[in-house]
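Spelled out from the first residue to the last, the chains are:
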Amino acid sequence: MGVLACGVLLLALICHSHSYSLRDPLSRFKRYQEAPWSDPNDCSRIRQPVIQSNPHNLTLDIRMPGVIPSASDTYLCMAVPVPTQRDAYIVDFVPHATMDTAHHMLLYGCRTPASTKGYWDCGTEQGTCRDAAKIMYAWARNAPPTKLPRDVGFKVGGDTRITHFVLQIHYGDVSAFRDHHRDCSGLTLTMTSKPQPFIAGIYLMMSMDTVIPPGKRVTNADIACLYDSFPMHPFAFRTHTHRLGQVVSGYRVRDGKWTLIGRQSPQLPQAFYPVSNSIAVEYGDTLAARCVFTGEGKTTKTIIGGTSEDEMCNFYMMYYMESKHAVPYMDCMDHGPSSLFKNIPPEASVPIPVPAGHMMMGMMHGGGHGTDVQDDSALLEPKRAEEDVLGQGAHLEEAADWPEAPLQLGQVSGLALDSDGNLVIFHRGDHRWGMNSFDNQGRYLQRSLGPIRQPTILVVDPAKGKVLQASGKNMFYMPHGITTDKDNNYWVTDVALHQVMKLSGDGQDKPLVVLGEAFVPGSDEYHFCKPTDVAVDPESGNIYVSDGYCNQRILKFSPDGKYLKQWGAGYTDRRKRLPFQIPHSLVFLPDRREVCVADRENGRIQCFQAESGESVKEIKKDEFGGEVFAVSYSPEQGGLIYAVNGESPTGVSAPLKGFVVNYSTKEILDTFSPDSQKFKMPHDIVVSKDGSVFVADADTNSVIKFVPGGKADHRSVKKGGIEVQEIEETETIVQAHLKPLHKLPRQHAIVVAAVQNQQQQQQALLLQQQQALKQQQQQQQQQKPHLEQQHQQQQHQSAVAPEPQKQQQQDHEKEKEKEKEKSAVHQAAQGVSPAVVTTLLLIPLVVVLAVGVFIRWKKSRMYGDDYEVKLEPNSSGGILGKLRGKAAGTLNLGNFFATHKGYTRQGFDRLSTEGSDQEKDDEDATDSENEEYAAPPLPPISSS
């Protein structure tokens with residue numbers, strides 16, 4: 001009887017522990033922390049899953065627990081409980097992954113994940129969640145991360161039915177795991193318990209019954225719904241089709257006026273991109289979308305469905321609403337009246353050209369590759385001229401007749417555009433930066449010359465080059481950078497004065513704000529050392545200063561000049577830390593809320609979040625030749641970076657050119673240089689709204705204008721030839737059992753080879769013409785002395801602070817394998833085994849009762865206290881929830897197609913965000929995303 005009493009007591013303790021855990025809001029998360037599968041295994045850094053900075057805020061680190069995917073195109077998932085049962089709000093997502101490892105990463109929210117133990121293969125029918133999975137975040141190779149606006153959050157916990165997060169990572173190419181290292185990719189969520197004024201949600205527009213006839217060149221799928229809810233504000237969009245989709249566009253229609261929300265080729269990375277226009281959608285507006293398909297090359301009709309041989313037409317909007325009226329998920333699946341789409345903007349019917357090498361490489365999902373794959377090669381034909389979007393893919397050419405009359409300029413150091421589109425030129429008049437301009441401490445040595453007597457700031461007509469206004473007399477000694485704010489004030493830097501000034505744009509030669517002490521270099525909050533450039537946030541008015549030739553930092557000030565913060569360079573590899581080496585040029589990206597800097601001597605462009613200074617992107621190309629002098633930006637075509645390179649002090653450099661770079665993919669879309677002269681020292685660059693580009697050359701005292709001309713040759717700058725990528729499929733939906741791709745049919749290979757051969761011949765002819773033109777220019781061009789190169793060498797040796805020694809980090813890879821984790825059932829059983837064994841020997845009836853209670857306790861622990869409750873048909877769901885009404889319903893694509901036309905639901909929990917990692921070239925090896933790093937403060941520079 002004593003043994004029986006012990007057994008009963010033990011069972012009572014177990015039940016008491018279980019009941020206590022249900023009362024503790026963090027108990028589920030504590031179990032996650034203590035579970036053996038949460039250990040990052042052989043990953044080099046042990047991280048705390050949750051950090052609570054104060055009673056209201058916490059960060060949740062969700063990482064793969066040291067996995068080694070064994071096959072390409074593997075989908076792995078893991079579930080993490082929401083660390084509170086009360087209302088919480090996700091206000092930021094920070095991804096921790098590189099394209100060399102993870103193809104794409106998705107975060108879902110749901111009540112019942114497919115598993116709560118360790119990680120699992122979610123590429124099979126097991127999927128991500130047992131109930132409706134709500135997509136909250138998407139990250140993909142070369143796609144910009146989604147940032148939530150201020151005061152906006154995704155609501156979880158509480159009454160949202162989101163009790164778990166499910167992280168899904170697609171490992172596209174596992175060649176990176178040949179060394180058997182373990183992966184801990186994932187993301188960090190910033191959460192708060194403070195109610196947010198606005199709640200984020202997703203609106204899905206989807207065509208359900210479009211039929212694409214075989215051979216038909218254009219088929220449109222139109223969707224439109226009357227909006228009948230409270231105002232919402234879209235801030236990001238995502239497009240999705242399979243391989244026949246050409247372009248997807250979404251609009252708000254109000255009083256007959258169509259306003260673009262987002263437009264993108266679904267063959268480009270399928271992530272969430274910033275909306276084209278900041279608008280509100282209100283009651284009575286119409287939301288409309290169009291997907292453009294082609295049936296060329298097909299022999300059978302194509303319908304909307306859930307297999308790779310079918311098509312899809314989806315336009316997602318990520319939006320926010322006032323919290324008191326928030327509806328987290330909405331959808332629209334109506335055709336809309338045909339009369340409405342008679343007025344749709346022409347751009348919605350024009351395919352977007354996709355550069356070779358950046359088409360989506362999908363995966364075949366069962367079914368043969370035979371005839372359809374061969375026929376789809378027709379989609380690889382170059383776009384017809386009438387299909388090209390105006391201005392997209394245009395090559396920049398020098399405007400030979402600009403300016404109409406010569407401009408009287410000194411060394412041109414800076415360029416800007418005012419709100420009227422006029423060009424603002426900042427030059428040095430009769431002063432020149434030479435070898436004797438500064439000492440080794442950065443102090444200016446030619447103060448006796450006095451300030452520049454000529455006007456240093458010229459406002460010029462961008463069309464004809466006529467001077468409209470001149471100012472800046474007797475104010476500056478060595479001008480460098482200039483920008484304008486929304487009120488047309490000038491913000492300038494002077495490297496001799498070590499100052500940043502704000503001047504009125506009305507031509508008055510009197511500073512409104514002065515930062516720094518004249519002629520006194522320093523490295524604290526109140527001094528600069530040869531500051532190079534300024535960027536201004538048009539929304540907040542905050543000022544960003546690159547400082548500069550001595551200091552290696554970016555400083556942030558309020559509009560009235562109050563110091564806010566500073567940061568150093570970002571790093572792609574913390575074992576090889578490279579601080580800034582002359583942060584030379586700045587540009588503010590208003591649509592992305594980022595600041596990008598031309599890190600001159602490191603030959604790279606780095607971008608940072610304007611609010612926090614967190615590093616988000618690095619662009620470094622061999623074609624830059626180790627020097628990037630200046631950077632500018634245009635929000636067109638999803639974001640374009642314009643840059644110019646320069647000659648390296650070491651003598652090792654690439655040809656001097658201008659570059660047009662796709663912000664998202666980091667691909668060089670175009671290069672340009674003048675025909676009338678050679679670049680000597682392209683020092684600054686600015687791009688206008690009409691696509692014209694102006695480059696300041698400090699060595700030739702000139703400004704050169706470039707305008708869009710012939711069609712740019714989109715090619716791989718690494719390989720130098722035009723690449724043709726085959727389109728296998730654009731949606732990563734695979735069979736339950738992953739299979740290798742079949743070999744291409746011989747006929748398909750012949751077609752692709754023919755296209756490659758024709759394009760190579762055209763490229764060879766173009767190169768011959770370029771070489772002939774270059775020889776002619778060389779015969780006409782007179783040799784000029786390279787004085788600027790000499791003083792640049794001296795400047796590099798004397799003024800630039802020496803690069804600190806590279807910090808060594810020792811990464812000792814642990815290769816021993818851990819024993820397979822034992823199940824929670826086995827662990828619990830070990831704890832009660834003595835009592836159970838004893839009870840079995842004495843009283844079998846008590847054993848049966850104990851086992852029954854134990855099994856029920858275990859199920860409750862795994863699935864929560866409500867694991868037996870079935871979901872009501874009208875329960876709230878997410879984008880992948882059950883099919884309901886158009887205004888507040890939800891949609892589960894897997895369940896929908898599983899009940900229609902015999903389709904299976906496998907794979908529908910995996911939303912593709914872009915093509916296979918097998919597309920990437922070796923040139924992308926240095927283009928991974930960066931982590932934030934704040935450079936340590938430098939000691940003050942002594943001054944006289």
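What you are looking at is a predicted structure, and each value in this text was computed from that prediction instead of being measured. (Residues numbered from 1 in each chain as written. Predicted model: local features only at pLDDT ≥ 70, side-chain atom pairs only at ≥ 80, totals over all residues. Heavy atoms only, no water.)

1. A few points about the sheet that holds strand E15 (residues 245–254)
Strand order in the open sheet formed by four strands is E13-E18-E15-E16, and the pairing between neighbours is antiparallel. The two strands at the open ends of the sheet, each matched to only one other strand, are strand E13 (219–226) and strand E16 (257–264). Taking the axes of each pair of neighbouring strands and ignoring which way they run, one obtains an average angle of 20° across the sheet. In terms of strand pairing, E15 meets E16 through seven bridges, oriented antiparallel. Pairing of tyrosine 251 across the sheet is with leucine 260, part of E16. (Pairing = 2+ DSSP bridges. Helix = DSSP H or I, 4+ residues; strand = E, 2+ residues; numbered from the N terminus. Axes fitted to C-alpha atoms, helices over the stretch in contact; angles between N-to-C directions.)

2. Quick word on the packing of aromatic side chains
Given two aromatic rings, one states the distance between the centres and the angle between the planes to describe the pair. Counted by the stated rule, this structure contains 26 aromatic pairs. Here phenylalanine 93 and phenylalanine 154 contribute two aromatic rings whose centre-to-centre distance is 6.2 Å and whose plane-to-plane angle is 70°, an arrangement assigned as edge-to-face. Linking phenylalanine 93 in strand E4 (residues 88–96) with phenylalanine 154 in strand E8 (residues 152–156), this pair joins segments that are 61 residues apart in sequence. Taken as a pair, phenylalanine 93 and phenylalanine 154 share a single burial class, namely buried. Plain terms: the ring middles of phenylalanine 580 and phenylalanine 608 are 6.1 Å apart, the flat faces sit at 75° to each other, and that makes the pair edge-to-face. Placement of the pair is phenylalanine 580 in the loop between strand E34 (563–567) and strand E35 (583–589) and phenylalanine 608 in strand E37 (residues 604–609), with a sequence separation of 28 residues. Take phenylalanine 608: its relative accessible area is 2%, and that puts it in the buried class. Feature note: the residues Trp433, Phe438, Tyr444, Tyr477, Phe519 and Tyr549 constitute an aromatic cluster, connected by ring pairs. Looking at lysine 530, its charged tip hangs above the ring of phenylalanine 438, at a distance of 4.4 Å from the centre. (Phe/Tyr/Trp six-rings, centres within 6.5 Å; stacked < 30°, edge-to-face > 60°. Buried < 20%, exposed > 50% of the residue type's maximum accessible area, 1.4 Å probe, protein only. Lys NZ or Arg CZ within 6 Å of the ring centre and 35° of its normal.)

3. Looking at the nonpolar core
In this structure, Ile90, Phe93, Val156, Phe165, Leu189 and Met191 are the most contacted members of the largest nonpolar core, which totals 62 residues. Top contributing element to this core by residue count: strand E3 (residues 74–81), with six residues. When residues no more than four places from it in sequence are discounted, the contact partners of phenylalanine 93 are Leu107, Met136, Tyr137, Thr146, Lys147, Leu148, Phe154, Leu187, Thr188 and Leu189. Formed by 28 residues, the second largest nonpolar core is a distinct cluster that contains Cys291, Met317, Tyr319 and Met321. (Core = buried A, V, L, I, M, F, W, Y, C linked by side-chain atoms within 4.5 Å. Contact = heavy atoms within 4.5 Å.)

4. Observations regarding the sheet that holds strand E39 (residues 628–634)
One open sheet accounts for four strands, arranged E39-E40-E41-E42; its pairing is antiparallel. This sheet does not close on itself; its edge strands, each paired only once, are E39 and strand E42 (668–672). Ignoring which end each strand starts from, the neighbouring axes of this sheet average 20° apart.

5. Describing the state of the cysteines
One covalent bond between the sulfur atoms of two cysteine residues makes up a disulfide. Counted by the stated rule, this structure contains six disulfides. Note that cysteine 291 is cross-linked by a disulfide to cysteine 313, the S-S spacing being 2.0 Å. Its torsion about the S-S bond being 85°, the disulfide of cysteine 291 and cysteine 313 is classed as right-handed. Note that cysteine 291 is positioned in strand E18 (residues 286–293) and cysteine 313 in the loop between strand E19 (302–303) and strand E20 (314–322), a separation of 22 residues in sequence. With a relative accessible area of 0%, cysteine 291 lands in the buried category. The disulfide partner of cysteine 596 is cysteine 607, and the S-S distance across this bridge is 2.0 Å. Taking the torsion about the sulfur-sulfur bond, which here is approximately 100°, the covalent link between cysteine 596 and cysteine 607 counts as right-handed. Placement of cysteine 596 in strand E36 (residues 594–599) and of cysteine 607 in strand E37 is noted, with a sequence separation of eleven residues between them. Looking at cysteine 596, the relative accessible area reads 0%, which means it is buried. Residue classification places cysteine 607 among the buried positions, given a relative accessible area of 0%. (Disulfide = S-S within 2.5 Å.)

6. What about the pairing of strand E5 (residues 104–110)?
Counted residue by residue, E5 has seven buried out of seven residues, so it is predominantly covered. Summarising the sheet, E5 and strand E9 (residues 164–171) pair through seven bridges and their orientation is antiparallel. Bridge pairing links leucine 107 to leucine 167 in E9.

7. Side note on the pattern of salt bridges
Under the defined criterion, the tally for this structure stands at 16 salt bridges. As a salt-bridge pair, arginine 600 and glutamate 601 come within 2.7 Å of each other at their nearest N and O atoms. Judged by relative accessible area, arginine 600 falls into the buried class, the value being 1%. On the accessibility criterion, glutamate 601 (12% relative accessible area) is buried. Each of Asp87, Lys155 and Asp159 takes part in a single network of salt bridges with overlapping partners. (Salt bridge = Lys/Arg side-chain N within 4 Å of Asp/Glu carboxyl O.)

8. Re unusual backbone geometry
The linkage connecting tryptophan 402 with the following residue, proline 403, adopts the cis geometry, with an omega of -5°. Within the fold, proline 403 resides in the loop between strand E22 (394–398) and strand E23 (412–417). The peptide bond linking aspartate 547 to glycine 548 adopts the cis configuration, its omega dihedral lying at -15°. By secondary structure assignment, the location of glycine 548 is in the loop between strand E32 (543–547) and strand E33 (553–557). With phi around 55°, lysine 530 is a residue other than glycine that occupies positive phi space. Along the chain, the position of lysine 530 falls in the loop between strand E30 (511–515) and strand E31 (531–536). Look at glutamine 637: it is not a glycine, yet its phi comes out positive at around 55°. Tracing the backbone shows glutamine 637 in the loop between E39 and strand E40 (640–645). Judged by relative accessible area, which is 34%, glutamine 637 ranks as partly exposed.

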